[in-house]
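Residues per chain are reported as follows:
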Amino acid sequence: MNLGSPPFYLVQPVINGYRNKSTFSVNRGPDGNPKTVGYYLGTWKDGNIVCVRSNNLKNIPEKHDQVAQYYEIFLRQSPMEPCLVFHEGGYWRELTVHTNSQGHTMAIITFHPQQLSQEELCVQKETIKEFFIKGPGAVCDLTSLYFQESTMTRCSHQQSPYQLLFGEPHIFEDLLGLKVRISPDAFFQINTAGAEMLYQTVRELSGVDSNTILLDICCGTGVIGLSLAQHVSQVLGIELVEQAVEDARWTAAFNGITNCEFHTGRAEKILPWLLKSKEDGRLIVAVVNPARAGLHYQVVRAIRNCRAIHTLVFVSCKPHGETTRNIIEPGFYLRRMLMKEWLRTKKCLEAMIKYLTLWKKEGQEEPYVSLTRKKMLIDGEEVLIEWEVGHSIRTLAMHRNAYKRMSQIQAFLGSVPQLTYQLYVTLISAEVPLGRAVLMVFSLISVTYGATLCNMLAIQIKYDDYKIRLGPLEVLCITIWRTLEITSRLVILVLFSATLKLKAVPFLVLNFLIILFEPWVKFWRSGAQMPNNIEKNFSRVGTLVVLISVTILYAGINFSCWSALQLRLADRDLVDKGQNWGHMGLHYSVRLVENVIMVLVFKFFGVKVLLDYCHSLIALQLIIAYLISIGFMLLFFQYLHPLRSLFTHNVVDYLHCVCCHWHHQGRTENSEPSFEAETRQSIV
């Protein structure tokens, strides 16, 4: 490949002591001393984990060993206990050491604050500072010392800021002719010499030229893009860690690089609009160097859908597992879908076995963890949170969630036919034995429970980037809404069926078929192709069977109540993640008309019911109950929905638009909106 560019830098990779960053744990050593600093040896499965010093590890520099050794000396003379397991107390935790080629050293002490006051924390910070400045640790000659209070295995700077106790706030490294700034929270390749060879290889594979836009996804401190900036038209970097982006911008300014833009945020949110704004005819070369968990499926989709990207260079430190699925299984990330939870029924038994084998490990830290990131809305502001989960605990949680969600669906779909049948028998026989009454009560509780939890599950599926928390008031509102809606709907169906008997079957079947085929009609009208890889190793026929099963499940729920989740078969996610007020309004309007018609049929042709109640009173009560349920539904979406601030419009906006549409049409073009109208339109 002829790149038409200056010759590469020649480097000789270091194979001994090459790490520029090392993280040391604190735990029990071979002698049983809990204040041992080093690395874990053994396995959690066998229960023989011990913490051993790093003296014999060839990839750890002597400087790192020295700092770890003196941190251990400090711990053993400190009266404060180490934090080995979070819930068992203790304070001192891990040590992270950064060094550069000039010999500068940055140390980061992680500390669990437990219940200490700010005055007590200041005492501990002064103690560790004094030890490394004037005490025995002064021989380490630290360039900077950071202190972080963390109640989790890993904690970002946004969650708990790194506190500089003394020294320089950053460490610098020379790489491929650039002076690079590195913050304590920023990612930088741990082998500097190896990183130079890696970035040269990226340049060879990318084939960039002066007319190319380089898109650096998960860019960290931006070194890949900055090292290639002189060979391309523009560099666009995306990184989640804000400190790393600040480092990248500083490095660009210090080295006189002016054709780089760096953006902070989640790649799956920034990438779509960034690509759209840059589709001006220039070719785009994308470079991705994600974490071990791989790329978010929305990032993969955005890259695949951008026709301007003609080359993709994928860099990975773990080229298997999740990373492989980014490349060969773009549809893998449907695991949170209702469809997949339905298919996991067979794993319920396996979940019980996992409970027995893994419950003892829930309180232990694990050496192998996965990073999970979510957003939360706190007082209307988005706050990014992240935490690490051990692999065995994640497996346990996966099976627990599968079992829980499957039980939600079964509680609803299994109890609806039972409750309907018992109501029908009660009406025909005109008597209510105690056993049947108890059975109907339990069936109603089960139906309401399943519908309420399915509603919460639908919210989690639609907003899977967010960590959802529903308070007691929200749950109560959903429960009342679902109880009234389902009870009134089922009673109306039973009264209608008991009145017309077999004549009601065509109406009910037609009603079900309309709901069943609605998603397929939308799919056909969209002209889209059938989504691939709905589930791993599925053929086209298998995918079709899965989609049919999902639509049957969808129709079964929608026949009795609002499903809270609309299917979109043309999308790989299979669900509509937007808040479709029109669809919801149409559903409840049609259902209200249906209920009124069925109630009128019962009133004029109805059978004798218990205690000869007035048919008109029963009909009125059922319609009022259904209207009250709609009222609670509107109350929930207007005021109690946990993510209502994300809605472009809310219930008031939609109702105002529908009810006043004729009034807007009657206005003249020169008429000015009233203050009241402007105020109402501003409500979101």
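Model, not experiment: these values are computed from the prediction.

Quick word on a nonpolar patch on the surface
Consideration 1: A grouping of Leu502, Val505, Val509, Leu513, Phe517 and Val521 is seen on the molecular surface, where their side chains present a nonpolar patch of about 530 Å² in accessible area.
Consideration 2: Mapped onto the fold, Leu513 is located in helix H14 (residues 505–526).
Consideration 3: A residue is classified by how much of its surface remains accessible, and Leu513, at 34% relative accessible area, is partly exposed.

Regarding the side chain of Glu149
Consideration 1: Here Glu149 lies in strand S6 (residues 144–149).
Consideration 2: Of the buried charged residues, Glu149 lacks a salt bridge, with Lys125 as the closest side chain of opposite charge at 4.1 Å.
Consideration 3: A polar side-chain atom of Glu149 sits 3.0 Å from a polar atom in the side chain of Gln163.
Consideration 4: Aside from chain neighbours lying at most four places away, what touches Glu149 is Phe111, Pro113, Leu121, Lys125, Ser160 and Gln163.

Considering the packing of aromatic side chains
Consideration 1: Inspection of the entire model under this criterion finds 19 aromatic pairs.
Consideration 2: Aromatic side chains Phe111 and Phe147 sit 5.3 Å apart centroid to centroid with 35 degrees between the ring planes, which places their arrangement in the tilted category. On the criterion of sequence distance, the pair formed by Phe111 in strand S5 (residues 105–111) and Phe147 in strand S6 is long-range, its members being 36 residues apart. Accessibility assignment for this pair places Phe111 and Phe147 in one class, buried.
Consideration 3: Seen in terms of ring centroids, Trp481 and Phe636 are 6.0 Å apart; in terms of plane orientation they differ by 35 degrees. Their pairing is tilted. Of the two residues, Trp481 is situated in helix H13 (residues 472–500) and Phe636 in helix H17 (residues 615–640); the sequence distance between them amounts to 155 residues.
Consideration 4: Judged by relative accessible area, which is 0%, Trp481 ranks as buried.
Consideration 5: Taken together, the aromatic side chains of Phe74, Tyr91, Trp92, Phe111, Phe131, Phe132 and Phe147 make up a single cluster linked through ring pairs.
Consideration 6: When the ring centre of Phe172 is taken as reference, the NZ or CZ atom of Lys179 above it lies at 4.8 Å.
Consideration 7: The ring centre of Trp481 lies 4.4 Å from the NZ or CZ of Arg482, which sits over that ring.

A look at the confidence of the model for the protein
Consideration 1: Per-residue confidence for the protein gives a mean pLDDT of 77, with 75% of residues at or over 70.
Consideration 2: This stretch, residues 1–11, has a pLDDT under 50; its non-local contacts, to residues over four places away or in other chains, come to 20 contacts.
Consideration 3: Scored below 50 in pLDDT, residues 665–684 makes 14 contacts in the model with residues more than four places away or belonging to other chains.

Concerning the sheet that holds strand S7 (residues 163–167)
Consideration 1: The seven strands are arranged S3-S2-S1-S4-S5-S6-S7 in an open sheet whose pairing can be described as mixed. The open sheet has two free edges, formed respectively by strand S3 (50–52) and S7, since each of these has just one partner strand. Averaged over all pairs of adjacent strands, the angle between their axes in this sheet comes to 35 degrees, without regard to strand direction.
Consideration 2: In the sheet, S6 pairs with S7 via four bridges, with the strands oriented antiparallel.

Structural notes on the packing of H14 against helix H16 (residues 581–605)
Consideration 1: Packing of H14 against H16 brings their axes to within 13 Å, and their N-to-C directions diverge by 170 degrees. The angle between the axes of H14 and H16 places the two elements in the roughly antiparallel class. Each of Phe507, Asn511, Ile515, Glu518 and Lys522 in H14 lies in contact with H16, whose residues at this interface are His583, Arg591, Glu594 and Met598.
Consideration 2: Per-class residue counts for the contact of H14 with H16 are three nonpolar, two polar and four charged.

A word on the packing of H14 against helix H15 (residues 540–560)
Consideration 1: The contact between H14 and H15 brings their axes to 9 Å, and the two run at 130 degrees. The pairing of H14 with H15 is recorded here as oblique in orientation. Note that H14 runs across H15; the crossing there is right-handed. Contacts between H14 and H15 pair Leu508, Asn511, Phe512, Ile515, Leu516, Glu518, Pro519 and Trp520 from the former with Leu544, Leu547, Ile548, Thr551, Ile552, Tyr554, Ala555, Gly556, Asn558 and Phe559 from the latter.
Consideration 2: A class-by-class count of the residues in the contact of H14 with H15 yields 13 nonpolar, four polar and one charged.

Considering the pattern of salt bridges
Consideration 1: Counted by the stated rule, this structure contains seven salt bridges.
Consideration 2: When the shortest N-O distance is used, the salt bridge between Glu594 and Arg489 registers 3.3 Å. Note that Glu594 is positioned in helix H16 and Arg489 in helix H13, a separation of 105 residues in sequence. Considered together, Glu594 and Arg489 belong to a single accessibility category, that of buried residues.
Consideration 3: Through salt bridges with shared partners, one network takes in Arg53, Glu72 and Arg76.

A word on the pairing of S6
Consideration 1: Of all six residues in S6, six are buried, a share of seventy percent or more.
Consideration 2: Because side chains alternate across S6, one face comprises the buried residues Ser144, Tyr146 and Gln148, and the other comprises Leu145, Phe147 and Glu149, equally buried.
Consideration 3: The β-α-β motif built from S5, the intervening helix H2 (residues 118–133) and the parallel element S6 has right-handed crossover chirality.

Description of the sheet that holds strand S13 (residues 283–288)
Consideration 1: Strand order across the open sheet formed by five strands is S12-S11-S10-S13-S14, with parallel pairing between neighbours. Each edge of the sheet is formed by a strand with only one pairing partner; in this case those strands are strand S12 (260–264) and strand S14 (309–314). Neighbour-to-neighbour, the strand axes of this sheet turn through a mean angle of 15 degrees, independent of strand direction.
Consideration 2: For strand S11 (residues 234–239) and S12, the ladder comprises five bridges, and the chain directions are parallel. Bridging across to S12, Leu236 finds its partner in Glu261.
Consideration 3: Sitting on the sheet, helix H3 (residues 192–206) touches S13 and S14, and the angle it makes with S14 is about 155 degrees.

What counts as what
Residues numbered from 1 in each chain as written. Predicted model: local features only at pLDDT ≥ 70, side-chain atom pairs only at ≥ 80, totals over all residues. Heavy atoms only, no water. Patch = residues over 30% accessible without salt bridge, like charges linked within 9 Å, V, L, I, M, F, W, Y side chains within 5 Å. Areas by Shrake-Rupley, 256 points an atom, 1.4 Å probe, with all protein chains shown as cover. Salt bridge = Lys/Arg side-chain N within 4 Å of Asp/Glu carboxyl O. Helix = DSSP H or I, 4+ residues; strand = E, 2+ residues; numbered from the N terminus. Buried < 20%, exposed > 50% of the residue type's maximum accessible area, 1.4 Å probe, protein only. Lys, Arg positive; Asp, Glu negative; His and termini not counted. Polar contact = N/O pair within 3.5 Å; in protein donor to acceptor, adjacent residues only side chain to side chain. Contact = heavy atoms within 4.5 Å. Phe/Tyr/Trp six-rings, centres within 6.5 Å; stacked < 30°, edge-to-face > 60°. Lys NZ or Arg CZ within 6 Å of the ring centre and 35° of its normal. pLDDT = per-residue confidence, 0-100. Pairing = 2+ DSSP bridges. Axes fitted to C-alpha atoms, helices over the stretch in contact; angles between N-to-C directions. Parallel < 35°, antiparallel > 145°, perpendicular 65-115°, else oblique. Nonpolar A, V, L, I, M, F, W, Y, C, P; charged D, E, K, R; others polar. Left-handed = near helix turned anticlockwise from the far one by under 90°. Right-handed = clockwise from strand over helix to strand, strands pointing away.

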